[in-house]
Amino acid sequence: MSEIAFFGAVEIGLVYALVALGVYLSFRVLDFPDLTVDGSFPLGAAVCATLLVAGVNPWIASLVAALAGSMAGLVTATLNVRFKILHLLASILTMIALFSVNLRVMGRPNVALLMQDTVLTPFYGLGLPDHVVRPLVVLVVVVAVVLLLSRFLNSEFGLAMRATGVNARMARAQGVQTDFHIYAGMALSNGLCALAGALFAQTNGFADVTTGIGTIVVGLAAVIVGETVLPARAMLWALVGCVVGSILYRLAVQLALSADAIGLQASDLNLVTAVLVAVALILPRMRLKAASKKREAVR
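Each value, and the rule that gives it
Residues numbered from 1 in each chain as written. Predicted model: local features only at pLDDT ≥ 70, side-chain atom pairs only at ≥ 80, totals over all residues. Heavy atoms only, no water. UniProt positions renumbered as here; feature names shortened; annotations may be inferred. Helix = DSSP H or I, 4+ residues; strand = E, 2+ residues; numbered from the N terminus. Expected span 1.5 Å × (residues − 1). Buried < 20%, exposed > 50% of the residue type's maximum accessible area, 1.4 Å probe, protein only. Polar contact = N/O pair within 3.5 Å; in protein donor to acceptor, adjacent residues only side chain to side chain. Contact = heavy atoms within 4.5 Å. Phe/Tyr/Trp six-rings, centres within 6.5 Å; stacked < 30°, edge-to-face > 60°.

1. Observations regarding the UniProt feature "transmembrane region" (unreviewed entry) in the chain
According to UniProt, the "transmembrane region" (unreviewed entry) feature falls on residues 6-27, 34-53, 86-105, 132-153, 180-200, 206-225, 237-257 and 269-286. Across residues 34-53 one finds 85% helix and 0% strand; the C-alpha atoms that close the span lie 31 Å apart. For residues 237-257, helix accounts for 100% and strand for 0%, while the C-alpha atoms at its two ends are 30 Å apart.

2. Here's the deal with helix α1 (residues 3-29)
Its 27 residues give α1 an end-to-end C-alpha distance of 36 Å, which sits within 8% of 39 Å, the value for a rise of 1.5 Å per residue. Across the 27 residues that make up α1, a large majority, 19, are buried. In the segment just after α1, D31 is the residue with positive phi, at about 55°.

3. Observations concerning the side chain of T36
Tracing the sequence through the fold places T36 in the loop between α1 and α2 (37-53). Side-chain polar atoms of T36 contact the side chain of D34, separated by 2.5 Å. Once residues lying within four places of it in the same chain are set aside, the contact partners of T36 are A72, T76, S91, T94, M95, L98 and N190.

4. Digging into the packing of aromatic side chains
Going through the model one piece at a time under the given rule, you end up with seven aromatic pairs. Considering the side-chain rings of Y16 and F41, the 5.3 Å spacing of their centres and the 15° angle between planes classify their relative orientation as stacked. One end of the pair, Y16, is in helix α1; the other, F41, is in helix α2, with 25 residues separating them in the sequence. Each of the two residues, Y16 as well as F41, counts as buried. For the ring pair F152 and F157, a centre distance of 5.8 Å and an interplane angle of 45° mean the geometry is tilted. Using a relative accessible area of 25% as the deciding quantity, one classes F152 as partly exposed. Note on F157: relative accessible area 28%, which makes it partly exposed. Members of the aromatic cluster, joined through ring pairs, are Y16, F41, F200 and F206.

This is the structure we're talking about:
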(Lines give C-alpha, C1' and ligand atoms only; values in the text may rest on other atoms or scores of the structure.)
Protein backbone atom coordinates (compact mmCIF):
# COMPACT_ATOMS: atom_id res chain seq x y z
CA MET A 1 0.00 0.00 0.00
CA SER A 2 1.39 3.40 -0.99
CA GLU A 3 1.66 6.35 1.39
CA ILE A 4 -1.12 8.23 -0.40
CA ALA A 5 -3.39 5.17 -0.27
CA PHE A 6 -2.67 4.73 3.46
CA PHE A 7 -3.48 8.34 4.38
CA GLY A 8 -6.50 8.21 2.08
CA ALA A 9 -7.84 5.18 3.95
CA VAL A 10 -7.21 6.88 7.31
CA GLU A 11 -8.98 10.01 6.04
CA ILE A 12 -12.09 8.10 4.97
CA GLY A 13 -11.95 6.10 8.18
CA LEU A 14 -11.97 9.29 10.25
CA VAL A 15 -14.88 10.71 8.25
CA TYR A 16 -16.89 7.53 8.75
CA ALA A 17 -15.88 7.52 12.42
CA LEU A 18 -18.54 10.21 12.88
CA VAL A 19 -21.03 7.83 11.27
CA ALA A 20 -19.87 5.09 13.64
CA LEU A 21 -20.44 7.41 16.61
CA GLY A 22 -23.94 8.20 15.34
CA VAL A 23 -24.70 4.51 14.81
CA TYR A 24 -23.36 3.74 18.29
CA LEU A 25 -25.80 6.26 19.75
CA SER A 26 -28.82 4.78 17.99
CA PHE A 27 -27.98 1.05 18.08
CA ARG A 28 -26.07 0.71 21.34
CA VAL A 29 -27.20 3.60 23.55
CA LEU A 30 -30.87 3.86 22.51
CA ASP A 31 -31.31 0.29 21.18
CA PHE A 32 -33.01 1.87 18.15
CA PRO A 33 -32.29 0.12 14.80
CA ASP A 34 -32.00 3.15 12.52
CA LEU A 35 -31.57 3.07 8.75
CA THR A 36 -32.05 6.83 8.41
CA VAL A 37 -28.26 7.02 8.23
CA ASP A 38 -28.32 6.06 4.54
CA GLY A 39 -30.33 9.22 3.92
CA SER A 40 -28.92 11.65 6.48
CA PHE A 41 -25.31 11.10 5.35
CA PRO A 42 -25.95 12.29 1.75
CA LEU A 43 -28.33 14.94 3.13
CA GLY A 44 -25.41 16.49 5.02
CA ALA A 45 -23.28 16.35 1.88
CA ALA A 46 -26.06 17.88 -0.25
CA VAL A 47 -26.83 20.73 2.15
CA CYS A 48 -23.16 21.55 2.71
CA ALA A 49 -22.28 21.46 -1.01
CA THR A 50 -25.25 23.64 -1.95
CA LEU A 51 -24.35 26.24 0.68
CA LEU A 52 -20.68 26.24 -0.32
CA VAL A 53 -21.58 26.88 -3.94
CA ALA A 54 -23.77 29.75 -2.71
CA GLY A 55 -20.74 31.28 -0.95
CA VAL A 56 -21.55 30.39 2.66
CA ASN A 57 -18.71 29.97 5.16
CA PRO A 58 -17.64 26.28 5.21
CA TRP A 59 -17.97 25.90 8.98
CA ILE A 60 -21.45 27.41 8.95
CA ALA A 61 -22.37 25.19 6.01
CA SER A 62 -21.18 22.14 7.94
CA LEU A 63 -23.19 23.18 11.00
CA VAL A 64 -26.34 23.70 8.93
CA ALA A 65 -25.78 20.28 7.35
CA ALA A 66 -25.61 18.71 10.82
CA LEU A 67 -28.84 20.49 11.81
CA ALA A 68 -30.52 19.16 8.66
CA GLY A 69 -29.47 15.65 9.62
CA SER A 70 -30.87 16.21 13.11
CA MET A 71 -34.22 17.14 11.57
CA ALA A 72 -34.19 13.87 9.63
CA GLY A 73 -33.57 11.99 12.87
CA LEU A 74 -36.46 13.82 14.51
CA VAL A 75 -38.77 12.74 11.68
CA THR A 76 -37.85 9.08 12.27
CA ALA A 77 -38.30 9.47 16.02
CA THR A 78 -41.69 11.15 15.53
CA LEU A 79 -42.94 8.36 13.29
CA ASN A 80 -41.90 5.84 15.92
CA VAL A 81 -42.78 7.61 19.18
CA ARG A 82 -45.80 9.69 18.18
CA PHE A 83 -47.39 7.46 15.53
CA LYS A 84 -46.19 4.09 16.89
CA ILE A 85 -44.62 2.94 13.61
CA LEU A 86 -42.02 0.20 14.09
CA HIS A 87 -38.60 1.87 14.44
CA LEU A 88 -37.07 -0.07 11.57
CA LEU A 89 -39.95 0.75 9.23
CA ALA A 90 -39.99 4.40 10.37
CA SER A 91 -36.32 4.77 9.51
CA ILE A 92 -36.81 3.12 6.12
CA LEU A 93 -39.63 5.54 5.30
CA THR A 94 -37.47 8.52 6.23
CA MET A 95 -34.50 7.15 4.28
CA ILE A 96 -36.61 6.71 1.13
CA ALA A 97 -38.06 10.20 1.46
CA LEU A 98 -34.60 11.73 1.92
CA PHE A 99 -33.51 10.50 -1.51
CA SER A 100 -36.01 12.89 -3.10
CA VAL A 101 -35.18 15.61 -0.56
CA ASN A 102 -31.50 15.40 -1.44
CA LEU A 103 -32.28 15.75 -5.13
CA ARG A 104 -34.40 18.81 -4.33
CA VAL A 105 -31.65 20.35 -2.21
CA MET A 106 -28.97 19.99 -4.89
CA GLY A 107 -31.25 20.46 -7.87
CA ARG A 108 -29.34 17.69 -9.69
CA PRO A 109 -27.80 14.30 -8.83
CA ASN A 110 -24.37 15.72 -7.88
CA VAL A 111 -22.57 18.96 -7.12
CA ALA A 112 -18.83 19.54 -7.70
CA LEU A 113 -16.77 21.49 -5.14
CA LEU A 114 -13.43 21.56 -6.91
CA MET A 115 -13.26 25.38 -7.03
CA GLN A 116 -14.97 26.10 -3.70
CA ASP A 117 -13.40 26.99 -0.36
CA THR A 118 -13.83 24.28 2.30
CA VAL A 119 -12.87 23.80 5.94
CA LEU A 120 -9.58 22.40 4.61
CA THR A 121 -8.63 25.40 2.47
CA PRO A 122 -6.93 27.50 5.23
CA PHE A 123 -4.64 24.57 6.10
CA TYR A 124 -3.26 24.00 2.62
CA GLY A 125 0.14 25.49 1.86
CA LEU A 126 1.48 25.17 5.42
CA GLY A 127 4.31 22.86 4.40
CA LEU A 128 2.48 19.55 4.68
CA PRO A 129 1.29 17.49 1.70
CA ASP A 130 -2.42 17.76 0.95
CA HIS A 131 -2.97 14.04 1.57
CA VAL A 132 -1.66 14.54 5.12
CA VAL A 133 -3.51 17.80 5.83
CA ARG A 134 -6.96 16.32 5.14
CA PRO A 135 -6.84 13.50 7.72
CA LEU A 136 -5.25 15.80 10.31
CA VAL A 137 -8.08 18.34 10.04
CA VAL A 138 -10.73 15.62 10.18
CA LEU A 139 -8.91 14.07 13.17
CA VAL A 140 -9.22 17.32 15.11
CA VAL A 141 -12.97 17.40 14.43
CA VAL A 142 -13.39 13.75 15.43
CA VAL A 143 -11.42 14.18 18.68
CA ALA A 144 -13.55 17.20 19.61
CA VAL A 145 -16.76 15.26 18.89
CA VAL A 146 -15.59 12.24 20.93
CA LEU A 147 -14.73 14.39 23.96
CA LEU A 148 -17.99 16.34 23.81
CA LEU A 149 -20.06 13.21 23.25
CA SER A 150 -18.36 11.42 26.15
CA ARG A 151 -19.04 14.34 28.45
CA PHE A 152 -22.66 14.46 27.27
CA LEU A 153 -23.31 10.72 27.78
CA ASN A 154 -21.81 10.87 31.27
CA SER A 155 -23.99 13.82 32.25
CA GLU A 156 -27.34 13.41 34.04
CA PHE A 157 -29.23 13.81 30.77
CA GLY A 158 -26.92 11.35 29.00
CA LEU A 159 -27.28 8.77 31.77
CA ALA A 160 -31.05 9.06 31.48
CA MET A 161 -30.74 8.50 27.72
CA ARG A 162 -28.62 5.41 28.31
CA ALA A 163 -31.18 4.15 30.82
CA THR A 164 -33.88 4.64 28.19
CA GLY A 165 -32.03 2.34 25.83
CA VAL A 166 -31.32 -0.31 28.47
CA ASN A 167 -34.83 -0.50 29.99
CA ALA A 168 -37.36 2.13 28.94
CA ARG A 169 -40.05 0.86 31.33
CA MET A 170 -37.77 1.06 34.35
CA ALA A 171 -36.51 4.47 33.21
CA ARG A 172 -40.09 5.77 33.05
CA ALA A 173 -40.72 4.38 36.53
CA GLN A 174 -37.78 6.49 37.73
CA GLY A 175 -39.31 9.63 36.21
CA VAL A 176 -37.27 9.75 32.98
CA GLN A 177 -39.08 11.24 29.98
CA THR A 178 -38.10 8.44 27.63
CA ASP A 179 -39.85 9.85 24.57
CA PHE A 180 -37.94 13.11 24.82
CA HIS A 181 -34.65 11.25 25.18
CA ILE A 182 -35.40 9.20 22.07
CA TYR A 183 -36.04 12.42 20.14
CA ALA A 184 -32.80 13.94 21.41
CA GLY A 185 -30.74 10.80 20.77
CA MET A 186 -32.03 10.31 17.24
CA ALA A 187 -31.45 13.96 16.40
CA LEU A 188 -27.89 13.80 17.72
CA SER A 189 -27.18 10.49 15.98
CA ASN A 190 -28.28 11.66 12.54
CA GLY A 191 -26.72 15.07 13.08
CA LEU A 192 -23.34 13.36 13.45
CA CYS A 193 -23.97 11.30 10.30
CA ALA A 194 -24.89 14.44 8.38
CA LEU A 195 -21.74 16.17 9.66
CA ALA A 196 -19.78 13.19 8.33
CA GLY A 197 -21.50 13.67 4.98
CA ALA A 198 -20.55 17.35 4.96
CA LEU A 199 -16.89 16.50 5.64
CA PHE A 200 -17.00 13.74 3.04
CA ALA A 201 -18.19 16.22 0.40
CA GLN A 202 -15.46 18.72 1.31
CA THR A 203 -12.61 16.20 1.44
CA ASN A 204 -13.63 14.47 -1.80
CA GLY A 205 -14.69 17.57 -3.73
CA PHE A 206 -18.25 16.55 -4.58
CA ALA A 207 -21.66 15.63 -3.21
CA ASP A 208 -23.67 12.89 -4.85
CA VAL A 209 -27.16 11.61 -4.11
CA THR A 210 -25.93 8.00 -4.09
CA THR A 211 -23.12 8.41 -1.55
CA GLY A 212 -25.36 7.20 1.28
CA ILE A 213 -25.85 3.69 -0.10
CA GLY A 214 -24.45 1.20 2.42
CA THR A 215 -23.48 3.85 4.97
CA ILE A 216 -25.29 2.05 7.78
CA VAL A 217 -23.32 -1.14 7.05
CA VAL A 218 -20.03 0.79 7.23
CA GLY A 219 -21.08 2.38 10.51
CA LEU A 220 -22.11 -0.94 12.02
CA ALA A 221 -18.88 -2.55 10.83
CA ALA A 222 -16.85 0.18 12.54
CA VAL A 223 -18.78 -0.23 15.80
CA ILE A 224 -18.44 -4.03 15.77
CA VAL A 225 -14.75 -3.98 14.88
CA GLY A 226 -14.12 -1.35 17.55
CA GLU A 227 -15.91 -3.40 20.21
CA THR A 228 -13.93 -6.47 19.18
CA VAL A 229 -10.53 -4.78 19.15
CA LEU A 230 -11.06 -2.40 22.08
CA PRO A 231 -13.70 -3.79 24.48
CA ALA A 232 -14.34 -1.25 27.22
CA ARG A 233 -16.86 -0.39 29.91
CA ALA A 234 -16.01 3.30 30.16
CA MET A 235 -17.99 5.43 27.71
CA LEU A 236 -14.98 7.42 26.52
CA TRP A 237 -13.11 4.28 25.53
CA ALA A 238 -16.19 2.83 23.88
CA LEU A 239 -16.37 5.94 21.68
CA VAL A 240 -12.64 5.74 20.98
CA GLY A 241 -13.23 2.13 19.97
CA CYS A 242 -15.73 3.30 17.34
CA VAL A 243 -13.09 5.62 15.85
CA VAL A 244 -10.39 2.95 15.93
CA GLY A 245 -12.78 0.41 14.42
CA SER A 246 -13.66 2.78 11.58
CA ILE A 247 -10.00 3.39 10.72
CA LEU A 248 -9.09 -0.30 10.94
CA TYR A 249 -12.07 -1.20 8.78
CA ARG A 250 -11.06 1.24 6.03
CA LEU A 251 -7.44 0.08 6.19
CA ALA A 252 -8.60 -3.55 5.88
CA VAL A 253 -10.71 -2.66 2.85
CA GLN A 254 -7.81 -0.76 1.27
CA LEU A 255 -5.44 -3.67 1.88
CA ALA A 256 -7.90 -6.12 0.37
CA LEU A 257 -8.42 -3.98 -2.72
CA SER A 258 -4.68 -3.28 -3.06
CA ALA A 259 -3.60 -6.92 -2.84
CA ASP A 260 -2.93 -8.01 -6.41
CA ALA A 261 -2.78 -11.67 -5.37
CA ILE A 262 -6.44 -11.60 -4.30
CA GLY A 263 -7.53 -10.02 -7.57
CA LEU A 264 -10.19 -7.72 -6.10
CA GLN A 265 -11.30 -4.54 -7.86
CA ALA A 266 -12.98 -1.34 -6.72
CA SER A 267 -16.31 -2.78 -7.83
CA ASP A 268 -15.88 -5.49 -5.17
CA LEU A 269 -16.12 -2.96 -2.31
CA ASN A 270 -19.56 -4.14 -1.16
CA LEU A 271 -18.40 -7.77 -1.19
CA VAL A 272 -15.36 -6.92 0.93
CA THR A 273 -17.59 -4.93 3.30
CA ALA A 274 -19.99 -7.85 3.76
CA VAL A 275 -17.16 -10.31 4.39
CA LEU A 276 -15.43 -8.06 6.93
CA VAL A 277 -18.68 -7.42 8.82
CA ALA A 278 -19.45 -11.15 8.86
CA VAL A 279 -15.97 -11.93 10.21
CA ALA A 280 -16.27 -9.21 12.86
CA LEU A 281 -19.59 -10.70 13.98
CA ILE A 282 -18.42 -14.31 13.95
CA LEU A 283 -15.08 -13.91 15.78
CA PRO A 284 -16.51 -12.74 19.16
CA ARG A 285 -18.99 -15.63 19.12
CA MET A 286 -16.23 -18.12 18.37
CA ARG A 287 -14.15 -16.71 21.22
CA LEU A 288 -17.06 -17.04 23.65
CA LYS A 289 -17.73 -20.57 22.48
CA ALA A 290 -14.05 -21.55 22.88
CA ALA A 291 -13.93 -19.98 26.35
CA SER A 292 -17.11 -21.85 27.34
CA LYS A 293 -15.62 -25.15 26.19
CA LYS A 294 -12.46 -24.50 28.22
CA ARG A 295 -14.51 -23.81 31.36
CA GLU A 296 -16.49 -27.02 30.84
CA ALA A 297 -13.25 -28.98 30.32
CA VAL A 298 -11.83 -27.60 33.59
CA ARG A 299 -14.95 -28.64 35.47
